[in-house]
Amino acid sequence: MRKEFELVQHSKIRHLNIFTIHITYRNFHAHSDFELLLILDGHGKIRIKNDVFSAGSGDIIFVNPHDMHEIDSRDGGLKILIVQFSRHLLYEYFPTLRNTCFYSAYLRDVFSPGDYTDILQTLIKLAGAYGSNELFFSLHCLHFLTRMLLCFYEKLDYDILDETAYLERKKKSGRVYRIAAYIDEHYTDPVRLQDIAETEQISTTRLSHFFTENFGISFQEYLTDKRLEQALRLAGSESLSLAALSELSGFSDPKYLHKAFLRKFGYPFSEYQKTAENISGQNSRPENTLEYYYTPEESRKILEEFSKLSEHERL
């Protein structure tokens, strides 16, 4: 099971990671990098702590390092270009980036139509340069990324944290990651808020407030969503009984799974299970999986098709 704090791998260029993915549902998780999500196809909701954004083709969402965020699109899923870049990207030239916290996540709300189109096109060019093997591809990547960053500093609201505030934010993020890791390890067993409070050496009341403030949802909601995410992954397995599936997902009884699924997604789990069983054995198709990472060749074709669309066709 993927950890809810993801360590970003910068395998091709230091401080930069770019990929294309198809996501049906991804529970709250965080990264140590800044993250740009360009929706290439589909519609869904992206939640960053307490803010919920309805996103569709052509929308760009900007996520700060350490901010917990959820991606939810069960109606065909979302095809997303994801750009992740480190806070230390320009440390020797512009160390301010390390201490910056931006406050505008849904970029359409901030930029004029012309500036937004320029940002979108620059993002596509950045992905194209990253996916190429040309001699100067890394310089092109740096050019396009710094061009966008300059535009962000000119147009977006932000704070530059002093060192004390930065270290406090880092300390708070460390607690978020420890809590997420604990739940990730124990969600199939009975988990109590008190158990986590004891490991963090704080009161359950303080932890409850901390959880809501930094995760955007309550402890119980997060735990239930974690279990539902696993149930979605296991739903296509014909070898598992409903009781076994529920147990492996952390639900003590199938009726609790059904109740939680209906409350979260608005229709019975049995309907989702039938669909998942019908496509069992065909999970190489991205639309049939919770997460599918496209190959570099697939990504190139997807970006080429997206670039050909007019603004009207993207909406």
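Refer to the structure presented above.
Residues numbered from 1 in each chain as written. Predicted model: local features only at pLDDT ≥ 70, side-chain atom pairs only at ≥ 80, totals over all residues. Heavy atoms only, no water.

Colleague: Quick question: what am I supposed to make of the overall build of the protein here?
Modeller: Scanning the protein from N- to C-terminus turns up 11 helices and 12 strands. For 315 residues, the compact-globule formula gives about 20 Å, and the C-alpha radius of gyration of the protein, at 20 Å, lands near that figure. Reported as C-alpha extents along the three principal axes, the dimensions of the protein are approximately 55 × 50 × 35 Å. Taken across its 315 residues, the protein has 52% of its residues classed as buried. Long-range contacts, defined as pairs at least 24 residues apart, comprise 74% of the intrachain contacts of the protein with a sequence gap of at least 6. In the structure as shown, the protein presents an accessible area of about 15,700 Å², 50% of it carried by carbon and sulfur atoms. Of the side-chain charges in the protein, 37 are positive and 45 negative, and the distance between the mean point of each set is 2 Å. (Helix = DSSP H or I, 4+ residues; strand = E, 2+ residues; numbered from the N terminus. Rg over C-alpha atoms; globule rule 2.2 N^0.38 Å. Buried < 20%, exposed > 50% of the residue type's maximum accessible area, 1.4 Å probe, protein only. Contact = heavy atoms within 4.5 Å. Areas by Shrake-Rupley, 256 points an atom, 1.4 Å probe, with all protein chains shown as cover. Lys, Arg positive; Asp, Glu negative; His and termini not counted. Charge placed at Lys NZ, Arg CZ, Asp CG, Glu CD.)

Colleague: What am I meant to see in the pattern of salt bridges here?
Modeller: Any two side chains of opposite charge can pair, on the condition that their charged atoms come close. Considering all chains together, one arrives at 19 salt bridges under this definition. Between Arg 108 and Asp 59 there is a salt bridge, with the nearest N and O atoms lying 2.4 Å from each other. Within this pair, whereas Arg 108 is found in the loop between strand 10 (100-102) and helix 1 (113-131), its partner Asp 59 is found in the loop between strand 6 (51-55) and strand 7 (60-63), the two being separated by 49 residues in sequence. Residue classification places Asp 59 among the buried positions, given a relative accessible area of 6%. Note that Lys 264 and Asp 225 form a salt bridge whose closest N and O atoms lie 3.2 Å from each other. Here Lys 264, found in helix 8 (residues 254-265), pairs with Asp 225, found in helix 6 (residues 219-234); they are 39 residues apart in sequence, far enough to count as distant. (Salt bridge = Lys/Arg side-chain N within 4 Å of Asp/Glu carboxyl O.)

Colleague: Any chance you could explain helix 10 (residues 296-308) here in plain terms?
Modeller: Structurally, the α-helix is built with 3.6 residues per turn, so residues lying three or four positions apart point the same way. Along its 13 residues, helix 10 runs 19 Å from first to last C-alpha, staying within 8% of the 18 Å computed at 1.5 Å per residue. Ser 299, Ile 302, Leu 303 and Phe 306 are the residues of helix 10 that are buried. Buried residues in helix 10, looked at end-on, bunch into an arc of 95 degrees, giving them a common side. The exposed residues of helix 10 that point more than 90 degrees off its buried face are Glu 305 and Lys 308. (Expected span 1.5 Å × (residues − 1). Arc of directions from axis to C-beta.)

Colleague: What exactly am I supposed to notice about the packing of helix 6 against helix 8 here?
Modeller: In a packed pair of helices, the relevant descriptors are the angle between the two axes and the axis-to-axis distance. Where helix 6 contacts helix 8, the axes come no closer than 10 Å and their chain directions differ by 100 degrees. The angle between helix 6 and helix 8 places the two elements in the roughly perpendicular class. Between helix 6, through Thr 224, Asp 225, Leu 228, Ala 231 and Leu 232, and helix 8, the contact on the second element is made entirely by Leu 257, Ala 260, Phe 261, Lys 264 and Phe 265. Its residues placed into classes, the contact of helix 6 with helix 8 shows seven nonpolar, one polar and two charged. (Axes fitted to C-alpha atoms, helices over the stretch in contact; angles between N-to-C directions. Parallel < 35°, antiparallel > 145°, perpendicular 65-115°, else oblique. Nonpolar A, V, L, I, M, F, W, Y, C, P; charged D, E, K, R; others polar.)

Colleague: Any chance you could explain a nonpolar patch on the surface here in plain terms?
Modeller: On the surface, Leu 135, Phe 136 and Leu 139 cluster together into a nonpolar patch covering about 370 Å² of accessible area. Of note, Leu 135 is situated in the loop between helix 1 and helix 2 (137-155). Overall, Leu 135 belongs to the exposed group, its relative accessible area being 71%. (Patch = residues over 30% accessible without salt bridge, like charges linked within 9 Å, V, L, I, M, F, W, Y side chains within 5 Å.)

Colleague: Would you mind showing me how to read the sheet that holds strand 7 here?
Modeller: In a beta sheet, neighbouring strands pair by backbone hydrogen bonds and run either parallel or antiparallel. Here five strands make up an open sheet; going across it, the order is 7-4-9-2-12 and the pairing antiparallel. Lying at the two open borders of the sheet, with one neighbouring strand each, are strand 7 and strand 12 (291-293). Across the sheet, the mean angle from the axis of one strand to that of its neighbour is 25 degrees, orientation sign disregarded. As judged from the seven bridges shared by strand 4 (residues 34-41) and strand 9 (residues 78-85), these two strands associate in the antiparallel manner. What sits directly across from Phe 34, in strand 9, is Phe 85. Packing of helix 1 onto the sheet brings it into contact with strand 2 (16-23), strand 4, strand 7 and strand 9, and relative to strand 2 it is tilted by some 105 degrees. (Pairing = 2+ DSSP bridges.)

Colleague: Help me understand the packing of aromatic side chains in this model?
Modeller: To describe a pair of aromatic rings, you give the distance between the ring centres and the angle between the ring planes. This structure, assessed with the given rule, holds 24 aromatic pairs. Centroid distance Tyr 153 to Tyr 158: 5.0 Å. Interplanar angle 80 degrees. Geometry classified as edge-to-face. On the accessibility criterion, Tyr 153 (15% relative accessible area) is buried. For Tyr 158, a relative accessible area of 31% gives the class partly exposed. (Phe/Tyr/Trp six-rings, centres within 6.5 Å; stacked < 30°, edge-to-face > 60°.)

Colleague: Please explain unusual backbone geometry as it appears in this structure.
Modeller: Most peptide bonds are trans, and most residues other than glycine sit at a negative phi. Even without a glycine there, the phi angle at Lys 49 is positive, about 50 degrees. The phi angle at Gln 201 is positive, at roughly 60 degrees, despite the residue not being glycine. Assessed through its relative accessible area of 73%, Gln 201 is described here as exposed.

Colleague: Even after reading the chapter, I still don't get the pairing of strand 3 (residues 25-31), so can you show me in this structure?
Modeller: Working note: regular strand, side chains alternate between the two faces of the sheet. Among the seven residues in strand 3, seven count as buried, and that is most of the element. With three bridges joining them, strand 3 and strand 8 (residues 69-72) adopt antiparallel strand pairing. Looking across to strand 8, one finds that Tyr 25 is bridged to Asp 72.

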